[in-house]
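Report on the structure
The lines below spell out each chain.
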Amino acid sequence: MFAVDNLTVSVGPQARPIDIVDRVSFSILRGEVLGLVGESGCGKSMTSLAAMGLLPKPGPRIRSGRVLLDGADVTRLEPWQRVEAGHDAMAMIFQEPMTSLNPVRRVGDQIVEAVRVREQISAAAAKERARELLELVRIPDAALQLSAYPHQLSGGMRQRVMIAIALATRPRVLIADEPTTALDVTVQFQILGLLRELCVRFDIAMLFITHDMGVIAQLADRVAVMYAGRIVETAAVKDLFAAPNHPYSRSLMACMPIRGAGTARLRTISGQAPQPGSMLAGCAFAARCPEARESCRSVAPAHLESAAGHEVLCSYPVTDGRPW
Amino acid sequence: MVTGETILTVEGLRLHFDVRRGGRHLQVRAVDDVSLSLREREVLGIVGESGSGKTTVGRSIMRLAQPQAGRVVFRGRDVLRQGGEGLNDLRLRIRMVFQDPYASLNPRRSIGDSVAEAGDINGVFTGRADRQRRIAESLTNVGLDPSLAGRYPHELSGGQRQRVGIARAILPVPDVVIADEPVSALDVSIQAQVLNLLSDLRERLGLSMILISHDIGVIGHMSDRVAVMYMGRIVEFGEAREVIDRPSHPYTVALMAAVPKPDPSLRIAGTIAASEPPSQFDRPEGCAYAPRCPLANDRCRVEAPVLRPVGTQVVACHNALPG
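Below: a short report on this structure. Quick caveat: nothing in here was measured; it's all calculated off a predicted structure.

Focus on the overall build of chain B
Helix and strand counts for chain B come out as 10 helices and 12 strands. For 323 residues, the compact-globule estimate of 2.2 N^0.38 gives 20 Å, and chain B sits close to it at 21 Å. Viewed in the frame of its principal axes, chain B has a C-alpha envelope of about 70 × 50 × 45 Å. Across the 323 residues in chain B, those meeting the buried criterion constitute 55%. Counting only contacts in chain B whose residues sit at least 6 apart along the sequence, the fraction spanning at least 24 positions is 66%. A total of about 13,800 Å² of accessible surface is found on chain B, and carbon and sulfur atoms cover 49% of it.

And the structure:
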């Protein structure tokens, strides 16, 4: 199991830290997909970088909380220390494969490199494994494509190569940060199907980060909705879509343009998310919340369990089953 | 919707790029024999994957790309043959909103100067006071505070910047606005605000609009009529409701099926057969969609289908599904 426990990531001076990820907790079982959804700047990517030990330096730092991989605390370990300690069964794929791949090295060599980080095997054996990995992610003519350079592949194929590199280390945890956002819907569809299949087949715990509620509905088993650095709602995917409890989750769903709805006005969320550091007392969403009451502006909300496995960070969650 | 006379027509537009790859001369048929018409006060949606040519069509109408063949006629004037004064005037009548509000604003110019730029170049303003008034009016029209005129792009959020992009498009009170992926760089909550704004402006200023997007949700929500493009050609064209809800071309059907629906009960199990788009460089003989098409037969692989009426839409497919 992979767990993040009360994780806080901060920027700014030690004496006056600004929390960009604030007391975030979640856990993912093997074979399960947790979708982390939120808008830009909500802290979802920082959460994933902190979990991977990849926070940029100098810059944001983990102020408190823990990252647990199968019970081992890896919070303070650098990536190389994780490898030495044997806690390196985590991999990550990013939004833009072209910037993650080395443009002047053949994709086969890049996969071989990842294979040999973990396994002390001969070059020939590693190359054979690289070919298997390309077949696994369904790249046609895998043996031939080993010698391709990244620019010779389409966006979807590059993302498949990234997935192959991630799988090369035989991860138990896979973090995917908006891996399909830059792709066409038809290609996205295939990559989502591939990720789900691999996750089940290799018993991988996957954290899938996206801003797209549609993608969440298609892929995730459970969902965590993030707003202004905090997780405001966690639920099984069908429970969240059936009855979102947090007013922010409800608003996010309501403002999606849905086909066939005609040209009626879209619902919107007024205003903007607060800047980190400018947050006042009370609930961070209060200023934009259609359900906000006076006390929301002064009293910080607490986590409530509105149903089994359905947690919400709101003083007045919507639990009466109103449609969104 | 309230739509009337045709305001803009595109006939037989063709734009091929010559490229060199590995010493070979290759040709990309970015736009291949595209014809369209835009009616007064209508929103015409163009949807397709990346590389389908939808942006090149928009840029050709603006004369930002030079097509090799075809005609673009705006209110009886041949757009592709305008030069000098005529072209300047045309670019006040037809305006464009771009995708990336970060890249399309000059970081060293104030918001007011950016919004007024087209007016400044064309001597639209009668004086300083008129210029200020028109800038303020434009900003108010897009829901921004006129005091933002003195600010710079880096001081604004993404949503505000896209509003500025729209403000500069509507300053000369154009007839046609071409919006190329106007919301794809924005968060969903902001996206809804900007789409509502575009709808409002269409009503208030009586604009006709060409909306280019890869997002069928956005296109279906905003458009009166929709053109679906695939590898440089229109493969289906018709009323939005028909095209979106009862697609006839197998490509439109696949495109609709691939959109992730926000409903976990409609989850698609397992993997799907749909493959990736073929390379731009070796466009298949016959129908360009045939290699990916579940309905393709021998005829599709040799004979390129032409647009023909199927039900209420026009469809380029030998085996078009009847709605």
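After presenting the structure, the write-up continues.
Some details on the environment of R63 of chain A
All names here are of chain A. By the secondary structure assignment, R63 is in strand β4 (residues 61-69). Taking the relative accessible area as the measure of exposure, R63 reaches 42% and is therefore partly exposed. Once the C-alpha coordinates of R63 and R23 are considered, the two residues, 40 residues apart in sequence, prove to be 9.9 Å apart. In this view, R63 contacts T8, V9, S10, P17, D19 and R76; residues no more than four positions away in its chain are not counted. A distance of 2.9 Å separates the side chain of R63 from the side chain of D19, its partner in a polar contact.

Things to note about the interface of chain A and chain B
Contacts between the two partners involve 48 residues from chain A, matched on the other side by 42 residues from chain B. Between chain A and chain B lies a buried interface of about 3,900 Å² when both sides are counted; carbon and sulfur atoms form 56% of it. Where chain A packs against chain B, one counts 1 salt bridge. Two residues, D200 of chain B and R265 of chain A, come together in a salt bridge whose shortest N-O distance is 2.6 Å. On the surface where chain A and chain B come into contact, there are 9 residue pairs in polar contact (both at pLDDT 80 or more). Residue assignment for the side of chain A that touches chain B shows that the elements contributing at least two residues are α7 (155-168), α8 (185-201), α9 (213-219) and α10 (237-242) of chain A. The leading source of residues in the side of chain A that touches chain B is α8 of chain A, at 10 residues.

Re the environment of I190 of chain B
Considering the arrangement of structural elements, one finds I190 of chain B in helix α6 (residues 188-205). Here the alpha-carbon distance between I190 of chain B and Q160 of chain B, two residues 30 residues apart in the chain, equals 9.2 Å. The residues touching I190 of chain B, leaving out its near neighbours within four places in the chain, are E39 and G271 of chain A together with G159 of chain B.

Remarks on the sheet that holds strand β8 (residues 208-213) of chain B
Picture the strands of a sheet paired through backbone hydrogen bonds; they go either parallel or antiparallel. Residues and elements named next belong to chain B. Strand order across the open sheet formed by 8 strands is β6-β7-β8-β3-β9-β10-β12-β11, with mixed pairing between neighbours. Strands with a single pairing partner mark the edges of an open sheet, and in this sheet they are β6 (94-97) and β11 (308-310). Averaged over all pairs of adjacent strands, the angle between strand axes in this sheet comes to 20°, irrespective of strand direction. Against the sheet, helix α2 (residues 84-93) engages β6 and β7 (176-180), with an angle of about 55° to β6.

Regarding the layout of surface pockets
All names here are of chain A. There is about 720 Å³ of room inside the second largest pocket. In this structure, the second largest pocket is lined by 23 residues; those nearest its centre are M52, M90, A91, I165 and T169. Listing elements by their share of the lining of the second largest pocket, those giving two or more residues are α2 (79-85), β6 (90-93), α4 (107-118) and α7. Counting residues per element, the lining of the second largest pocket draws most heavily on α4, which supplies 5 residues. Taken together, the residues of the lining of the second largest pocket break down into 14 nonpolar, 4 polar and 5 charged.

Some points on helix α5 (residues 123-136) of chain A
Residues and elements named next belong to chain A. When the terminal C-alpha atoms of α5 are compared, their 20 Å separation across 14 residues agrees well with the 20 Å that a helix rising 1.5 Å per residue should span. Taken together, the buried positions of α5 are occupied by A126, R129, A130, L133, L134 and L136. Along α5, the residues classed as buried sweep out an arc of 150° about the axis, all on the same side. Those residues of α5 that are buried are in contact with α4, α6 (142-145), α7 and α8. Positioned one or two residues after α5, R138 has a phi angle of 60°, which is positive.

Points about the packing of α5 of chain A against α7 of chain A
All names here are of chain A. Here α5 crosses α7 at 125°, and the two axes come no closer than 9 Å. Taken together, the axes of α5 and α7 lie oblique to each other. For the pair α5 and α7, the sense of crossing is right-handed. Of α7, the residues touching α5 (which contributes R129, L133, L134 and L136) are V161, A164, L167 and A168. Each residue belonging to the contact of α5 with α7 can be placed in one class, and the counts come to 7 nonpolar, no polar and 1 charged.

Thoughts on the sheet that holds β4 of chain A
All names here are of chain A. The strand order β2-β1-β4-β5 describes an open sheet built from 4 strands, whose pairing is antiparallel. Each edge of the open sheet is held by one strand with a lone partner, namely β2 (18-28) and β5 (72-73). As paired elements, β4 and β5 share 2 bridges and run antiparallel to each other. The residue of β5 that forms the bridge with L68 is D73.

Section: the packing of aromatic side chains
With the rule as written, the count across this model stands at 7 aromatic pairs over all chains. With a centroid separation of 5.0 Å and 80° between ring planes, the pair formed by Y227 of chain A and F285 of chain A is classed as edge-to-face. Separated by 58 residues along the polypeptide, Y227 of chain A in strand β9 (residues 222-227) and F285 of chain A in the loop between α11 (247-254) and β11 (303-307) bring together distant segments of the chain. Each ring, one from Y230 of chain B and one from Y289 of chain B, has its centre 5.2 Å from the other, and the planes form 85°; the classification is edge-to-face. With a gap of 59 residues between them, Y230 of chain B in strand β9 (residues 225-230) and Y289 of chain B in the loop between α9 (250-258) and α10 (298-302) connect regions that are remote in the sequence.

A few points about α2 of chain B
G86, L87, L90 and L92 of chain B are the residues of α2 of chain B that are buried. Lining the buried residues of α2 of chain B we find β4 (69-74), β5 (77-78), β6 and α3 (111-121) of chain B.

Some points on empty space enclosed by the protein
Considering all chains together, one arrives at 5 cavities of 30 Å³ or more under this definition. Estimates place the volume of the largest cavity at around 90 Å³. Looking at the largest cavity, it is lined by 13 residues, and the ones nearest its centre are P247, C283, C289, C296 and C314 of chain A. A breakdown of the residues in the lining of the largest cavity according to their chemical character gives 10 nonpolar, 2 polar and 1 charged. Taken as a whole, the second largest cavity encloses approximately 60 Å³ of empty space. Lining the second largest cavity are H249, P250, C287, Y289, A290, C293, A296, C300, P305, C317, H318 and N319 of chain B. When the residues that make up the lining of the second largest cavity are grouped by side-chain class, the tally is 9 nonpolar, 3 polar and no charged.

What counts as what
- Residues numbered from 1 in each chain as written.
- Chains lettered and ligands numbered in written order.
- Predicted model: local features only at pLDDT ≥ 70, side-chain atom pairs only at ≥ 80, totals over all residues.
- Heavy atoms only, no water.
- Helix = DSSP H or I, 4+ residues; strand = E, 2+ residues; numbered from the N terminus.
- Rg over C-alpha atoms; globule rule 2.2 N^0.38 Å.
- Buried < 20%, exposed > 50% of the residue type's maximum accessible area, 1.4 Å probe, protein only.
- Contact = heavy atoms within 4.5 Å.
- Areas by Shrake-Rupley, 256 points an atom, 1.4 Å probe, with all protein chains shown as cover.
- Polar contact = N/O pair within 3.5 Å; in protein donor to acceptor, adjacent residues only side chain to side chain.
- Buried area = accessible area lost by both parts, 1.4 Å probe.
- Salt bridge = Lys/Arg side-chain N within 4 Å of Asp/Glu carboxyl O.
- Pairing = 2+ DSSP bridges.
- Axes fitted to C-alpha atoms, helices over the stretch in contact; angles between N-to-C directions.
- 1 Å grid on protein atoms, 1.4 Å probe; cavity = no way out; pocket = protein on both sides within 12 Å on 5 of 7 lines; lining within 4 Å.
- Points joined across faces, edges and corners; volume = space filled by probe spheres on them.
- Nonpolar A, V, L, I, M, F, W, Y, C, P; charged D, E, K, R; others polar.
- Expected span 1.5 Å × (residues − 1).
- Arc of directions from axis to C-beta.
- Parallel < 35°, antiparallel > 145°, perpendicular 65-115°, else oblique.
- Left-handed = near helix turned anticlockwise from the far one by under 90°.
- Phe/Tyr/Trp six-rings, centres within 6.5 Å; stacked < 30°, edge-to-face > 60°.

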